[in-house]
Amino acid sequence: MEPANIKDTTKDSTAGSLSDSSKGTNSLLLYREKEGVFFSLKTEKLATAVYMITGLLPESEPLKWRLRNNALDVMDVLEPLLADHSTVLDEHLKKIVLRVQPLLAHLRMARASGYVSDMNGTILEREFNALIQCIHDREKSVIAEAEIAKTLGPSFEDFPRRPLLSEPENTIGKVAQ
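Residues numbered from 1 in each chain as written. Predicted model: local features only at pLDDT ≥ 70, side-chain atom pairs only at ≥ 80, totals over all residues. Heavy atoms only, no water.

Visitor: What exactly am I supposed to notice about the nonpolar core here?
Guide: Within soluble globular proteins, side chains that are nonpolar tend to cluster in buried spots. Judged by nonpolar contacts, the single largest core of 27 residues is most densely connected at Val 50, Ile 96, Val 100, Leu 124, Phe 128 and Ile 135. Elements with a contribution of two residues or more to this core: α2 (20-54), α3 (62-83), α4 (89-112) and α5 (118-152). With 9 residues, α4 is the largest single contributor of residues to this core. Among residues more than four places away in sequence, those in contact with Phe 128 are Leu 46, Ala 47, Val 50, Val 100, Leu 103 and Leu 104. (Core = buried A, V, L, I, M, F, W, Y, C linked by side-chain atoms within 4.5 Å. Buried < 20%, exposed > 50% of the residue type's maximum accessible area, 1.4 Å probe, protein only. Helix = DSSP H or I, 4+ residues; strand = E, 2+ residues; numbered from the N terminus. Contact = heavy atoms within 4.5 Å.)

Visitor: Can you walk me through the packing of aromatic side chains in this structure?
Guide: Aromatic ring pairs are defined here through the distance separating the ring centres and the angle between the ring planes. Following the criterion strictly, the structure yields 1 aromatic pair and no others. When the ring of Phe 38 is compared with that of Phe 39, the centres are 5.2 Å apart and the planes differ by 70°; the resulting orientation is edge-to-face. Exposure remark for Phe 38: the relative accessible area of 41% places this residue in the partly exposed category. (Phe/Tyr/Trp six-rings, centres within 6.5 Å; stacked < 30°, edge-to-face > 60°.)

Visitor: Please explain the confidence of the model for the protein chain as it appears in this structure.
Guide: Low-confidence regions, as indicated by low pLDDT, have predicted coordinates that should not be scrutinised in detail. Mean pLDDT over the protein chain stands at 75; residues scoring 70 or higher make up 61%. Considering each helix and strand of the protein chain separately, the mean pLDDT is smallest for helix α1 (residues 6-15), with a value of 42, and largest for α4, with 91. For residues 1-25, every residue scores under 50 in pLDDT, and the model assigns this stretch 2 contacts once sequence neighbours within four places are set aside. (pLDDT = per-residue confidence, 0-100.)

Visitor: Got a minute to help me understand the pattern of salt bridges in this structure?
Guide: Proximity of charged atoms lets side chains of opposite charge pair with each other. Under the definition given, this model contains 5 salt bridges. For Glu 59, the salt bridge goes to Lys 64, with nearest N and O atoms at 2.8 Å. On the basis of relative accessibility, which here comes to 2%, the residue Lys 64 falls in the buried class. Of the charged contacts in the structure, one is a salt bridge between Arg 111 and Asp 118, with a shortest N-O distance of 3.5 Å. Classification of Asp 118 by relative accessible area gives exposed; the value is 53%. The network of salt bridges with common partners includes Lys 42, Arg 126 and Glu 127. (Salt bridge = Lys/Arg side-chain N within 4 Å of Asp/Glu carboxyl O.)

Right, here's the structure in full:
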């Protein structure tokens, strides 16, 4: 039987071979990839929940299919994000927000008409709104990071390394003459 974390040990063994200059870039890419995975999983779970609660609606009810199509529209945004982590995360997150808005409107309609229970409707609305808020918070932090970077200028690692002109003189223990 193989250990469950064999992939993790493989990744760790290559981590030490990166050069110092690429470590920062690779860790940023890894962070962005993890962000994309987080938003993808959260969105996927919410879309699945929409499918589950609409399973109780009659087959002839157009709202059932509209909600499911809305959920699929949101999921369609995730495909390029999951396939290629180099795609621009911000663009996909904005698309998610735009596609969640009609889903929320249809969800409120289903709740008001009694097709979706208050409990299920409230939970889904709260979670979709939390996802939107999380995306907006991320946008604000990215803007703040850009402003800080602009203010501070180039990072310390970008400065050329120069040798000292001369070694500092050891004056400890010397008597003034």
